[in-house]
Amino acid sequence: MRFLVPLLATVSCALATAQATESDFLSNIRQLTFEGARAGEGYFNADGSKLVFQSERSEGNPFFQIYLLDLETGDTSRISPGHGKTTCAWIHPDDNRVLYASTQDDPNSLALQKAEYEERASGTERRYAWDYDPHFDLFEYNIEKGDYRNLTKTKGYDAEGAYSPDGEWIVFASNRHAYDGTDKLSKADEKWFAMNPSSLMDIYIMRTDGSDLKRLTKTKGYDGGPFFDHDGTKITWRRFNEKGDKAEIWTMNTDGSDQKQITRLGAMSWAPYFHPSGEYLVFATNLQGFANFEVYLVDADGEKEPVRVTDTDGFDGLPVFSPNGTQFAWTTNRTPDDKSQIFLADWNHQAALDALKLAPASSADEPAPTPKPTVAQTSTTSDINPSDIESHIAYLVSDELEGRLTGTKGEQLATQYVADLLQSFGLEPAGDNDTYFQEFEFTAGVDLGPDNTITVTGLKNEASPETLEPGKDWIPLSFSSTGDVEPAEIVFAGYGIEAPAEVGEDGEEFGLYTSYYQTDVEGKWVMMFRYYPEEVSTTERQRFTRYANPRHKALAARQKSAHGIILVTGPNAPAKDKLVPLSFDASLAGSGIPAISISDELADQILANAGKTLKELQDQLDTGSMMIGTRIPDVKVGAHIDVVQEKKIGRNVLAKIASPNPDAPAVLIGAHVDHLGSDAGATSRATDEEKDQVHYGADDNASGIAGLLEIAEYLSDQNSQGNLDLKRDAIFAAWSGEELGLLGSSAFVRTLLKPIDSNTAKDESESGSPSSDAKIELGAALNMDMIGRLRDSLILQGVASSSVWPSEIEKRNVPVGLPITTQDDVYLSTDATNFYLAGVPILSAFTGAHSDYHTPRDTIDLINFDGTAKTSRLMALIMRSLLTAEDTPDYQKVEKPASRGSRSGLRAYLGTVPDYAQEDVEGVKITGTSKNSPAEKAGLQAGDVIVELGGKEILNIYDYSALLGALKIDEETSITVERDGERIPLKITPASRD
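Model, not experiment: these values are computed from the prediction.

### What to know about the overall build of the chain
Then comes step 1: Each helix and strand counted, the chain has 17 helices and 52 strands in total.
Then comes step 2: Counting across all 994 residues of the chain, residues that qualify as buried make up 58%.
Then comes step 3: Counting only carbon and sulfur atoms, one obtains 46% of the accessible surface of the chain, whose full area is about 39200 Å².

Structure below.
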């Protein structure tokens, strides 16, 4: 194996370099492999179209196996047989043979695999070290014939081989001479070799048929990892000292002459590789410390001091160049799980030459001083291209469409545009009645009807009920039952909260909290405070948040056979409106009981009959104490509730590419076509000055629809040309109603999706279960929501929904070359979640949140058209793979995190915009703040990482959401951010969402 790790050691000597950074040499960095426990040692073929590498991903084998990756299609095939250990592969110039080292002929290979699994399962911690198994031999695999040929058949470690550029020779490392008696070993050498079989490793060369074997080095210590240069006249390798704790880079002629030391760093420098120009080499070294290998470059003659290339903490090594020298591949653990995988980047050859010119001359006598670390910085074509993306988005965000609010003329125009294009691409209709549309009815808003009255009788002060005005003294809640409500008595029941005994996430135990202690509310109105107790601990506030939603309180009261609920804000609770606003509720369900909100003044009049005041009751309850409910004598409340729900019709666009197998589970790809329209609704983040402006939704989600159209056209063209061996139907969906609560995709799931196994189908409490007469069976659902602002990386969410996704992502991104962040989360605020809850594996593409989200500022001029096209191409290739595969992805059940709650129940508002692409950051990184928000006023900036809130540590977005629920409105608290490596304490005053 070329990743040799003998006993690592820190080093005190180093070098001075030109002040270059990683970004000077490498651009378009992206992860190339994702699958398996780890992967590494990727080497290009002669024309750069393939890459051979090793990876721990073969089922039943814990060791590396060899894989061949087609960089043009993303297809990956295993070269090695699947048993034994393997390492160090190389592709012959004829592209039909692959050289690698393996123990596959060892009769004990299967037993060793089993023992390794048992050792790992035991939990015993072991330092990673390479095994110099004497059963390693060089094998040549013939791709066309599918057979293997053992080239060495000699006891000893024969590995680390590479073909010469002309394909005539193989250079490799071996310690065979220590086994066959060629070298007479002293007792001390025998003892040392038994402990460290790498200590007698040398470089050999032979013809590709195994003849003309010649040993090129004969020095004690480890000589290994050899490679030819671009024209096959020189070989570079690493030479360790006899102790094995330091190594330097060497070169020699292919006959073993002119052996020359290139580096003198006094560190562990290894894995050298020539640039095709022959002017310099790259290699890895731990010059920066014990656990921080970085890539350096050095001129081919070793006349200059090496120059540092990478500057990311962790392991960066095994660097190689593409044959034309424009790309750079290497193995690194800069991954979210710190496991090594292969990365790919564009290489700046000129920058390398310039940096070497500035480097000081090499000192052959003493090491150079240690450098300071640096910090890295509608006429369309069938191809998926940026200009078509721009054309689609330009129409969807035009003023004529007025923001595409569901149920409006703008939505009708947008869905017609999508349907017309899908039809022009040759796709068949898949909607209602053989059309391209699926219509659904939804609640577009709520308003007070003309007939809302309330009667309050029995008040001590004899206030006249005729003076009680809706919108001033009282108001029905949006989810209230409607019609006549007979007069009934009132019982005051605190905050109306029912919270079971439980143990918090930090281990704190909570007893039962109930507002109904010894309180009979059957047949009575339940008067209760809005929200939850104000003066309790942070953890208690977090707990109460889960039970304080008005719908939750109505459900608890209904279960106790209450007549209805009366919400009152109270003097202690900061709120913009003392009456609960009659806000739009996307749910079509009512609460099943009357529900009203009354003013503090009216509540005090009612409580006076019991000798109580709102203030004294709220003061007592805000401490977290429970009290027995208070019956209000003599007072009765009756009402007529008239809440008008405005019903509208929205429509999805559905089309398909039909396969010869209509009964096979189909694969769906979707994106939502709707946005917020021209009137800032409840979810708008517009400033006061922007509220009446059109919300264009260029990124959210004209970008996703543009990608959907491009993918449909591409796959339809592939199919018409006979290049798509469809095993199942491809369904394309443009959802409407996403912004109002995932309404369109929910309608599809309820009415058209064939039910999956009942064990995986979603709860009835969600947006509806599939109907029994549904006709479409799905094997997977892909989604694209906000793919227009590609910056650092594409975020692929829902990866935990199926075991196939890491492999698919790895393969299909090879020809695309996107930097990717994967996230396991399956409970997303996008249409994909409806499918996951119905038992369908999902994968959702997203390029991250930004400060323009849900504002009129989300415009086309900010779209990254190239990035959108690349994202669309990746999703197209994944779609293509699923459509042509024999089987559909498996479904993996993921429990909803206990800490995950709905942000709709949060009262406090800070105005931060989280960076959902963050992966290995402890805390919550933000991409910006909303205008005039508490966060902006507090001085938070884009790029800040929030690490503390209210004195509590924050490790992730869930911690952050939970702590938001514990904040008090208008009460200053502390917030700490990390900025440019410093922790900065700030003060912030939460505002109310209501």
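### So, the side chain of threonine 33
Then comes step 1: Locating threonine 33 in the fold gives a position in the loop between β1 (26-31) and β2 (39-44).
Then comes step 2: The class of threonine 33 is buried, set by a relative accessible area of 0%.
Then comes step 3: In this structure the side chain of threonine 33 is engaged in a polar contact, spanning 2.6 Å, whose partner is the side chain of glutamine 341.
Then comes step 4: Looking at threonine 33, its side chain comes within polar contact range of the main-chain nitrogen of isoleucine 342, at 3.0 Å.
Then comes step 5: Among residues more than four places away in sequence, those in contact with threonine 33 are Ala39, Phe53, Arg57, Gln341, Ile342 and Glu810.

### Brief notes about helix α9 (residues 600-607)
Then comes step 1: Looking only at α9, the buried set comprises Asp600, Leu602, Ala603, Ile606 and Leu607. Burial along α9 is one-sided: seen end-on, the buried residues are contained in an arc of 160 degrees.

### Concerning the sheet that holds strand β22 (residues 316-321)
Then comes step 1: If you walk across this open sheet you meet the 4 strands as β1-β24-β23-β22, and the pairing is antiparallel. A strand with exactly one partner marks an edge of an open sheet, and here the two such strands are β1 and β22. Looking at each pair of strands side by side, their axes are set apart by 25 degrees on average, direction ignored.
Then comes step 2: Relative to strand β24 (residues 341-347), strand β23 (residues 327-332) is paired through 6 bridges, and the arrangement is antiparallel. Its bridge partner lying in β24, alanine 329 is registered against leucine 344.

### Things to note about the pattern of salt bridges
Then comes step 1: Taken as a whole and judged by the stated rule, the model has 36 salt bridges.
Then comes step 2: Here arginine 57 and glutamate 35 are joined by a salt bridge, their closest N and O atoms 3.4 Å apart. One end of the pair, arginine 57, is in the loop between β3 (50-55) and β4 (65-70); the other, glutamate 35, is in the loop between β1 and β2, and 22 residues separate them in sequence.
Then comes step 3: Residue classification places arginine 57 among the buried positions, given a relative accessible area of 16%.
Then comes step 4: With relative accessibility at 22%, the residue glutamate 35 sits in the partly exposed group.
Then comes step 5: Of the charged contacts, one joins glutamate 690 and arginine 857 as a salt bridge, the two residues approaching to 2.6 Å between their closest N and O atoms. Placement of glutamate 690 in the loop between β39 (666-672) and α11 (698-720) and of arginine 857 in the loop between β44 (842-846) and α15 (865-884) is noted, with a sequence separation of 167 residues between them.
Then comes step 6: According to the relative accessible area criterion, arginine 857 is buried, its value standing at 18%.
Then comes step 7: Within the structure, one salt-bridge network assembled from shared partners comprises Glu690, Arg789, Asp852, Arg857 and Asp858.

### Brief notes about the packing of aromatic side chains
Then comes step 1: According to the stated counting rule, one finds 38 aromatic pairs in the structure shown.
Then comes step 2: Taking the centre distance of 6.5 Å and the plane angle of 80 degrees together, the rings of tyrosine 100 and tyrosine 148 count as edge-to-face. Of this pair, tyrosine 100 sits in strand β7 (residues 97-102) while tyrosine 148 is found in strand β9 (residues 147-150), placing the two residues 48 residues apart along the sequence.
Then comes step 3: Through a chain of ring-to-ring contacts, three or more aromatic side chains come together here, namely Phe25, Tyr280, Phe321, Phe328, Trp330, Phe343 and Trp347.

### Some words on the packing of helix α5 (residues 386-396) against α15
Then comes step 1: Closest axis-to-axis distance for the α5/α15 pair is 8 Å, and the angle between their directions is 105 degrees. As the angle between them shows, α5 and α15 are arranged roughly perpendicular. Contacts from Pro386, Ile389, Glu390 and Ile393 in α5 reach Phe865, Asp866, Thr868, Ala869 and Ser872 in α15.
Then comes step 2: Here the residues of the contact of α5 with α15 sort into 5 nonpolar, 2 polar and 2 charged.

The rules behind the values
- Residues numbered from 1 in each chain as written.
- Predicted model: local features only at pLDDT ≥ 70, side-chain atom pairs only at ≥ 80, totals over all residues.
- Heavy atoms only, no water.
- Helix = DSSP H or I, 4+ residues; strand = E, 2+ residues; numbered from the N terminus.
- Buried < 20%, exposed > 50% of the residue type's maximum accessible area, 1.4 Å probe, protein only.
- Areas by Shrake-Rupley, 256 points an atom, 1.4 Å probe, with all protein chains shown as cover.
- Polar contact = N/O pair within 3.5 Å; in protein donor to acceptor, adjacent residues only side chain to side chain.
- Contact = heavy atoms within 4.5 Å.
- Arc of directions from axis to C-beta.
- Pairing = 2+ DSSP bridges.
- Axes fitted to C-alpha atoms, helices over the stretch in contact; angles between N-to-C directions.
- Salt bridge = Lys/Arg side-chain N within 4 Å of Asp/Glu carboxyl O.
- Phe/Tyr/Trp six-rings, centres within 6.5 Å; stacked < 30°, edge-to-face > 60°.
- Parallel < 35°, antiparallel > 145°, perpendicular 65-115°, else oblique.
- Nonpolar A, V, L, I, M, F, W, Y, C, P; charged D, E, K, R; others polar.

Everything listed here is a matter of coordinates, which is why it stays silent on function.
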